[in-house]
Amino acid sequence: MTKPEFRVFNSREEVAAAVARHLAETLSAKPAATLGLATGKTFIPIYAEVVEHFKKGEMSFAKAASFNLDEYVGLPAGHPASFRSYMEEHLFRHVDLPAADAHLPSVEGEVEASCAAYEAAITARGGIDLQLLGIGQNGHIGFNEPGSAFDSRTRQVELTQSTIEANTSDFPAGELPPPSAVTMGVGTIVDAKEIVLVALGANKTEALKAAFASAPSTDCPASALQAHGKVVVYCDAAAKGDIEG
Ligand code: GLP
């Protein structure tokens, strides 16, 4: 097991700046990089920083491609809380990533075939060079809830009640998140060449402990990352809490 490298900062702003720099360095070393992208509140300030880098001419996605981790099943196209809408609002519409190369899991039609096609498209690009990841309070990565097999691939999953509650604030008042989603699998995620996991706030400390300071277990899907040799955890001091290392 290789312990991940923890990079701890005093504020969310500093974390966002550091993660954006990491992405800028990846793209400068490999302009045609294949990126695995995440959504969630954690990534809003990070994408804002990325857009600033782009506007200053310090970053280009022109040769890159991206694959998002997950998408809700059953939201009408253009729903404001869909992850496609999130990505358009916070990143895609501001940068030069070609629209045809900005992928999210397809949740229309024959889902099983679309999931296999998603995996094949990632493989055809040579795999993911840098995977950005958040972490759920129950240790989920993407929408791989506790119990997800470490070798799982892109598939349709049911969300836990706690995840539905945690994400309700992303939806218009009175609306609940759908009960299911399509997510890259844990196995898809750990196939990435490098992983950057970001955690902000004290409500993520327990998940980080279960992920990196306990024996790996499918009870905490993020603990699968312990078997990966190249994981960097960016967090604020509140999320790091009393975790050693
Ligand atoms: C969501 C997403 C995850 C994300 C997590 C944490 O359910 N599917 O990819 O990492 O929850 O989100 P947040 O950053 O809002 O805490």
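All of these numbers come straight from a predicted model, not from anything done at the bench.

*Asks:* Hey, could you run me through the nonpolar core in this one?
*Replies:* The nonpolar side chains of soluble globular proteins are, as a tendency, buried together. By size, the foremost hydrophobic cluster in this structure holds 75 residues, and its most contacted members are Phe 61, Leu 91, Leu 197, Leu 208, Leu 225 and Tyr 234. A per-element tally of this core places helix H1 (residues 12-29) first, with 8 residues. Setting aside anything within four residues of it in sequence, one finds Leu 208 in contact with Phe 6, Ile 135, Leu 197, Ala 199, Ala 213, Val 233, Ala 239 and Ile 243. Among the nonpolar cores identified, the runner-up in size contains 5 residues, and Val 73, Val 107, Val 111 and Val 182 belong to it.

*Asks:* I'm lost on the pattern of salt bridges in this one. Help?
*Replies:* Once the charged atoms of two side chains with opposite charge are near each other, the side chains can pair. Tallying each qualifying case throughout the model produces 10 salt bridges. Two residues, Lys 193 and Asp 129, come together in a salt bridge whose shortest N-O distance is 3.2 Å. Taken together, the residues span a long stretch of sequence, with Lys 193 in the loop between helix H6 (186-190) and strand E9 (194-199) and Asp 129 in the loop between helix H4 (111-124) and strand E6 (130-133) at a distance of 64 residues. By relative accessible area, Lys 193 is classed as partly exposed at 42%. On the basis of relative accessible area, Asp 129 is assigned to the buried category, the value being 11%. The salt bridge partner of Asp 191 is Arg 153, with a shortest N-O separation of 2.9 Å. Highlighted residues: Asp 191 in the loop between H6 and E9 and Arg 153 in the loop between E6 and strand E7 (155-158), separated in sequence by 38 residues. Within the structure, one salt-bridge network assembled from shared partners comprises Lys 30, Asp 129 and Lys 193.

*Asks:* I'm lost on the side chain of Glu 194 in this one. Help?
*Replies:* Along the chain, Glu 194 turns up in strand E9. Buried charge without a partner: Glu 194 forms no salt bridge, and the closest opposite charge is Lys 230, 4.4 Å away. Excluding anything up to four places from it in sequence, Glu 194 contacts His 22, Thr 26, Asp 129, Leu 130, Gln 131, His 228, Lys 230 and Val 232.

*Asks:* Whenever I open this one, the pairing of strand E8 (residues 180-183) confuses me. Can you help?
*Replies:* A regular strand carries its side chains on alternate faces of the sheet. A two-sided burial pattern is seen for E8, the buried positions comprising Ser 180 and Val 182 on one face and Ala 181 and Thr 183 on the other. The pairing of strand E4 (residues 70-72) with E8 spans 3 bridges and is classified as antiparallel. The residue bridging Glu 71 from the neighbouring strand is Val 182, located in E8. Summarising the sheet, E7 and E8 pair through 4 bridges and their orientation is antiparallel. Bridging from a neighbouring strand, Glu 158 pairs with Ser 180 of E8.

*Asks:* Would you mind showing me how to read the side chain of His 22 here?
*Replies:* Here His 22 is to be found in helix H1. Looking at His 22, the relative accessible area reads 8%, which means it is buried. Apart from residues no more than four positions distant in its own chain, His 22 is found in contact with Arg 7, Leu 130, Glu 194, Val 196, Val 232 and Tyr 234.

*Asks:* How do you make sense of the site of the ligand when you look at a structure like this?
*Replies:* Taken together, the neighbourhood of the ligand is formed by Gly 40, Lys 41, Thr 42, Asp 70, Gly 134, Ile 135, His 140, Gly 142, Phe 143, Asn 167 and Lys 204. Ile 135 has a polar backbone atom sitting 3.4 Å from an oxygen atom of the ligand. At 3.2 Å, a side-chain N or O of His 140 approaches an oxygen atom of the ligand. Here the ligand, which alone exposes 400 Å², has 92% of that area covered by the protein. When atoms are counted within 2 Å of each cavity's grid points, the one that captures over half of the ligand is the largest pocket.

*Asks:* Got a minute to help me understand the environment of Tyr 234 in this structure?
*Replies:* With respect to the element layout, Tyr 234 can be found in strand E10 (residues 231-236). C-alpha of Tyr 234 to C-alpha of Leu 197: the two residues are 37 residues apart in sequence and 6.2 Å apart in space. In contact with Tyr 234, other than residues within four places in its own chain, are Arg 7, Phe 9, Val 15, Ala 18, Val 19, His 22, Val 196, Leu 197, Val 198 and Ala 199. Within polar-contact distance, the side chain of Tyr 234 engages the side chain of Arg 7 at 2.7 Å.

Conventions adopted
Numbering of residues begins from 1 in every chain and follows the order in which that chain's sequence is written. Confidence filtering applies because this is a predicted model: local features only for residues at pLDDT of at least 70, side-chain atom pairs given and counted only at 80 or more, and all residues used for totals across whole chains, interfaces and linings. Hydrogen atoms and water are omitted, and side-chain values are computed over all heavy atoms in the structure. Only buried Ala, Val, Leu, Ile, Met, Phe, Trp, Tyr and Cys residues count toward a nonpolar core, and they belong to the same one when joined by side-chain atoms within 4.5 Å. Summary of the burial criterion: residues with accessible area below 20% of their type's maximum are buried, those above 50% are exposed, and those between are partly exposed, where the area comes from a 1.4 Å probe applied to protein chains only. For helices the rule is a DSSP run of H or I covering at least 4 residues; for strands it is a run of E covering at least 2, with both sets numbered from the N terminus onward. Residue contacts are counted whenever heavy atoms from the two residues lie within 4.5 Å of one another. Put simply, a salt bridge is a Lys or Arg side-chain nitrogen that is within 4 Å of an Asp or Glu carboxyl oxygen. Positive charges come from Lys and Arg alone, negative charges from Asp and Glu alone, with His and the N- and C-terminal ends not counted. Strand pairing follows a simple DSSP-based rule, namely that at least 2 bridges must link the two strands. Distances are taken per atom, and a residue is near a molecule or strand as soon as one of its heavy atoms is within 4 Å of it. In protein, a polar contact means a hydrogen-donor-capable atom and an acceptor-capable atom, both N or O and within 3.5 Å, with residues adjacent in sequence counting only if both atoms are side-chain atoms; elsewhere, any N or O pair within 3.5 Å suffices. Only the protein chains shown count as covering a residue, and every accessible area follows the Shrake-Rupley method with a 1.4 Å probe. The method works on a 1 Å grid over the protein atoms by themselves. A cavity is a set of points holding a 1.4 Å probe that cannot get out, a pocket is an open set with protein on both sides within 12 Å along at least five of seven lines, and residues with an atom within 4 Å of a point line them. For this analysis, a molecule is said to be in a pocket or cavity if more than half of its atoms are within 2 Å of the grid points defining it.

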